[in-house]
Amino acid sequence: MSGTYPHTRLRRTRSTAWSRALYRETQLTAADLIWPLFVTEGEGVEQPIDSLPGVSRWSVDQIVVRAKEAAALGIPCLALFPNTQPERRSDDGREALNPDNLMCRALRAIRDALGDSIGLLTDVALDPYTGHGQDGLINDSGYVLNDETVEVLVGQSLNQAAAGADIIAPSDMMDGRIGAIRDALEDAGHVNVQIMSYAAKYASAFYGPFRDAVGSRGLLKGDKKTYQMDPANAEEALREVEMDLAEGADSVMVKPGLPYLDIVRRVKETFEVPVFAYQVSGEYAMIEAAAAAGAGDRDALVLETLLAFKRAGCSGVLTYHAAYAARLLND
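Keep in mind that what you see is a predicted model, and the values were worked out from it rather than measured.

(A) How the structure looks around helix 3 (residues 102-114). Here helix 3 is 13 residues long and its end C-alpha atoms lie 18 Å apart, about the 18 Å a rise of 1.5 Å per residue gives. Residues of helix 3 that are buried include every one of Leu102, Met103, Cys104, Ala106, Leu107, Ile110, Arg111 and Leu114, and no others. Contact partners of the buried residues in helix 3: strand 1 (33-40), helix 2 (60-73), strand 4 (77-82), strand 5 (119-124) and helix 4 (146-163). Its side-chain oxygen placed 3.2 Å from the backbone nitrogen of methionine 103, asparagine 101 serves as the N-cap of helix 3. Remark: glycine 115 follows helix 3 within two positions and exhibits a positive phi of approximately 60°.

Next comes the structure, spelled out in structure tokens:
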């Protein structure tokens, strides 16, 4: 700092609202948000999720209504996650390859209703489709098999791209899956389908409500520590990101969000690529619990946390508060 008090008074630029706006370094708009939505079977269905207050599963027809709402609010992209019926789950996750599964039907319905006016991001992993709740295929000891899983993930990605996905987002954390998916998309003519890699996805305690939402919590046998990252590691995250970028990822994601803002910043400064963060279900639930308990103002908590992601270097944020925040930002 070159100036000294009183010639330099840092409070001068904070003294009025117009001045604070003028000097503001970070801007948050509805265009920075991606809205995760859960799809379920039926028609005219809304299923509230107890562990995610204010979040529901929606049938395909109602997902279209939510998509129209998002477009009207200026939210540029939706992230879709299926709640697959128990009878359609299997150890090999074959429902992920069904061209008429929940994900594909939702993609086609939104595309038919809105055309290209909103982006569609699809999760690529097998946990919504397996009977054991793991993200991939397992051997007799329960270990998740890497290369065999990648083969299925490639088929899942092609299935979703054919149904209308704009962004394939592999969240499985298998080694080599980005390159295999990119090659398959190119060979199938899906040259403009993006890959947003869950490059630094940690084995976190913050995922519980999400597993309720997709119906995998009660099914999960063991944990996911053999493929999701150790929360203690940062250098490893940079290696994961570097590999995924080299294999053809267009953007990368850090998950969870707020507990890993240091990783967001390091990835952004190291690679200078689009970085996204997922404000995961546990983070959302804690904000809602704090607001319900009177420990903080919901509006302020939501906007401050989202602004923190942008300040750390995020191009955008996946958040269950997307529609709520967009309304606040648009006022």
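(B) Region of the structure containing the side chain of serine 281. When you line up the elements, serine 281 lands in helix 9 (residues 281-292). Owing to a relative accessible area of 1%, serine 281 belongs among the buried residues under this scheme. Setting aside its immediate chain neighbours within four residues, serine 281 contacts Leu52, Phe206, Tyr207, Gly208, Pro209, Phe210 and Tyr320.

(C) Structural view of the side chain of glutamine 228. By secondary structure assignment, the location of glutamine 228 is in the loop between helix 6 (208-214) and helix 7 (235-247). Residues within four places of glutamine 228 in sequence aside, it is in contact with Asp135, Met173, Lys201, Tyr202, Ala203, Ser204, Tyr207 and Arg211.

(D) Quick peek at the pattern of salt bridges. Under the counting rule described, the total for this entry stands at 18 salt bridges. A salt bridge links aspartate 135 to lysine 224; the nearest nitrogen and oxygen atoms lie 2.6 Å apart. Residue aspartate 135 is found in the loop between strand 5 and helix 4, and its partner lysine 224 is found in the loop between helix 6 and helix 7; the two are separated by 89 residues along the sequence. Each member of the pair, aspartate 135 as well as lysine 224, is classed as buried. Ionic contacts of the salt-bridge type, sharing partners, join the residues Asp127, Asp135, Lys201 and Lys224 into one network.

(E) Structural view of the packing of aromatic side chains. Inspection of the entire model under this criterion finds eight aromatic pairs. Between tyrosine 278 and tyrosine 320, the aromatic rings sit 6.0 Å apart at their centres with planes inclined by 45°, giving tilted as the arrangement. One end of the pair, tyrosine 278, is in strand 9 (residues 275-279); the other, tyrosine 320, is in the loop between strand 10 (316-319) and helix 11 (322-330), and 42 residues separate them in sequence. On the basis of relative accessible area, tyrosine 278 is assigned to the buried category, the value being 1%. Taken together, the ring pairs in this structure connect Phe38, Phe81, Phe210, Tyr278, Tyr284 and Tyr320 into an aromatic cluster. Looking at lysine 255, its charged tip hangs above the ring of tyrosine 207, at a distance of 5.0 Å from the centre. Stacked on the ring of tyrosine 278, the Lys or Arg lysine 255 has its end atom at 4.6 Å from the ring centre.

Analysis parameters
Residues numbered from 1 in each chain as written. Predicted model: local features only at pLDDT ≥ 70, side-chain atom pairs only at ≥ 80, totals over all residues. Heavy atoms only, no water. Helix = DSSP H or I, 4+ residues; strand = E, 2+ residues; numbered from the N terminus. Expected span 1.5 Å × (residues − 1). Buried < 20%, exposed > 50% of the residue type's maximum accessible area, 1.4 Å probe, protein only. Contact = heavy atoms within 4.5 Å. Polar contact = N/O pair within 3.5 Å; in protein donor to acceptor, adjacent residues only side chain to side chain. Salt bridge = Lys/Arg side-chain N within 4 Å of Asp/Glu carboxyl O. Phe/Tyr/Trp six-rings, centres within 6.5 Å; stacked < 30°, edge-to-face > 60°. Lys NZ or Arg CZ within 6 Å of the ring centre and 35° of its normal.

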